[in-house]
Amino acid sequence: QVQLVESGGGLVQAGGSLRLSCAASRRSFRNDWMGWFRQAPGTEREFVAAIRWSDGSTYYPDSVKGRFTISRDNAKNTVYLQMNSLKPEDTAVYYCAAKYGGIARVSRDYEYDYWGQGTQVTVSS
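In this text, all values refer to a predicted model and were calculated from it rather than measured experimentally.

Caption draft 1: Just the packing of aromatic side chains, in detail. In this structure the tally under the stated criterion is 6 aromatic pairs. Centre to centre, the rings of phenylalanine 37 and tyrosine 112 are 5.3 Å apart; their planes meet at 80°, and the pair counts as edge-to-face. Taken together, the residues span a long stretch of sequence, with phenylalanine 37 in strand 4 (residues 33-39) and tyrosine 112 in the loop between strand 9 (92-99) and strand 10 (114-115) at a distance of 75 residues. Comparing phenylalanine 37 with tyrosine 112, the two get one shared label, buried.

Caption draft 2: Representation of the environment of glutamate 89 in the model. The topology assignment puts glutamate 89 in the loop between strand 8 (78-83) and strand 9. Along the sequence, glutamate 89 and aspartate 62 sit 27 residues apart, while their C-alpha atoms lie 14 Å from each other.

Caption draft 3: Examining the environment of threonine 69 more closely. When you line up the elements, threonine 69 lands in strand 7 (residues 68-73). If we ignore the near neighbours within four places in the chain, the residues touching threonine 69 are Tyr60, Tyr80, Leu81 and Gln82.

Caption draft 4: Representation of the side chain of aspartate 90. Along the chain, aspartate 90 turns up in the loop between strand 8 and strand 9. Here the side chain of aspartate 90 touches arginine 38 through a polar contact of 2.8 Å, side chain to side chain. Engagement of the side chain of aspartate 90 in a polar contact is seen with the side chain of arginine 67, the distance being 2.7 Å. Dropping the residues within four chain positions of it, aspartate 90 is found in contact with Arg38, Arg67, Phe68, Ser85, Val121 and Val123.

Caption draft 5: Structural context of the nonpolar core. Core analysis: the biggest nonpolar cluster contains 28 residues, and Trp36, Leu81, Met83 and Tyr94 have the highest contact counts within it. Elements with a minimum of two residues in this core: strand 3 (18-24), strand 4, strand 5 (46-52), strand 7, strand 8, strand 9 and strand 11 (119-124). Not counting the four nearest positions on each side in its chain, leucine 81 is found in contact with Leu18, Arg19, Leu20, Trp36, Val48, Ala49, Phe68, Thr69, Ile70 and Tyr94. By size, the runner-up hydrophobic cluster in this structure holds 8 residues, among which are Phe37, Phe47, Ala50 and Tyr112.

Caption draft 6: Summary view of the state of the cysteines. A full pass over the atoms with the stated rule returns 1 disulfide. Disulfide pairing places cysteine 22 opposite cysteine 96 at an S-S distance of 2.0 Å. The disulfide joining cysteine 22 to cysteine 96 has a torsion of about 55° about its S-S bond and is therefore right-handed. Of this pair, cysteine 22 sits in strand 3 while cysteine 96 sits in strand 9; the two residues are 74 residues apart in sequence, bridging distant segments of the chain. With relative accessibility at 0%, the residue cysteine 22 sits in the buried group. Among the residues examined, cysteine 96 registers a relative accessible area of 1% and is labelled buried.

Caption draft 7: Looking closely at the sheet that holds strand 8. With antiparallel pairing, 4 strands are arranged side by side in an open sheet as 1-3-8-7. On the outer flanks of this sheet lie strand 1 (4-7) and strand 7, each paired with one strand and no other. Taken pair by pair, the neighbouring strands of this sheet meet at an average axis angle of 15°, ignoring direction. Alignment of strand 7 against strand 8, held across 6 bridges, turns out to be antiparallel. Its bridge partner being in strand 8, arginine 72 is matched across the sheet by valine 79.

What counts and how
- Residues numbered from 1 in each chain as written.
- Predicted model: local features only at pLDDT ≥ 70, side-chain atom pairs only at ≥ 80, totals over all residues.
- Heavy atoms only, no water.
- Phe/Tyr/Trp six-rings, centres within 6.5 Å; stacked < 30°, edge-to-face > 60°.
- Helix = DSSP H or I, 4+ residues; strand = E, 2+ residues; numbered from the N terminus.
- Buried < 20%, exposed > 50% of the residue type's maximum accessible area, 1.4 Å probe, protein only.
- Contact = heavy atoms within 4.5 Å.
- Polar contact = N/O pair within 3.5 Å; in protein donor to acceptor, adjacent residues only side chain to side chain.
- Core = buried A, V, L, I, M, F, W, Y, C linked by side-chain atoms within 4.5 Å.
- Disulfide = S-S within 2.5 Å.
- Pairing = 2+ DSSP bridges.
- Axes fitted to C-alpha atoms, helices over the stretch in contact; angles between N-to-C directions.

The values are spatial; any link to function lies outside them.
Given below as structure tokens:
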């Protein structure tokens, strides 16, 4: 069983920054993927970012592109989500997710095998 432990959430004013961390209990290789999703009350889970361990390829939806950056530290089996220029609409519970092996669509939550417990991010206006 793989465990993903998130940290770094909190309350921030609009325009501020936060960095989320996700530590994985299993080392990742080659074609493994890590992703970040978020879910606000009453909404569906939304794709935020994904990264491939082998070469660091990253993917973002338009809603966060240019503001959020996903990165990895192979030695620590940890993925980060740097969030800048935060907006009130970024308020949600943020989850990291892991897929060990190939993935067809990085933005689809059902592609991922393991999930963290979630961390709350609240952006005040």
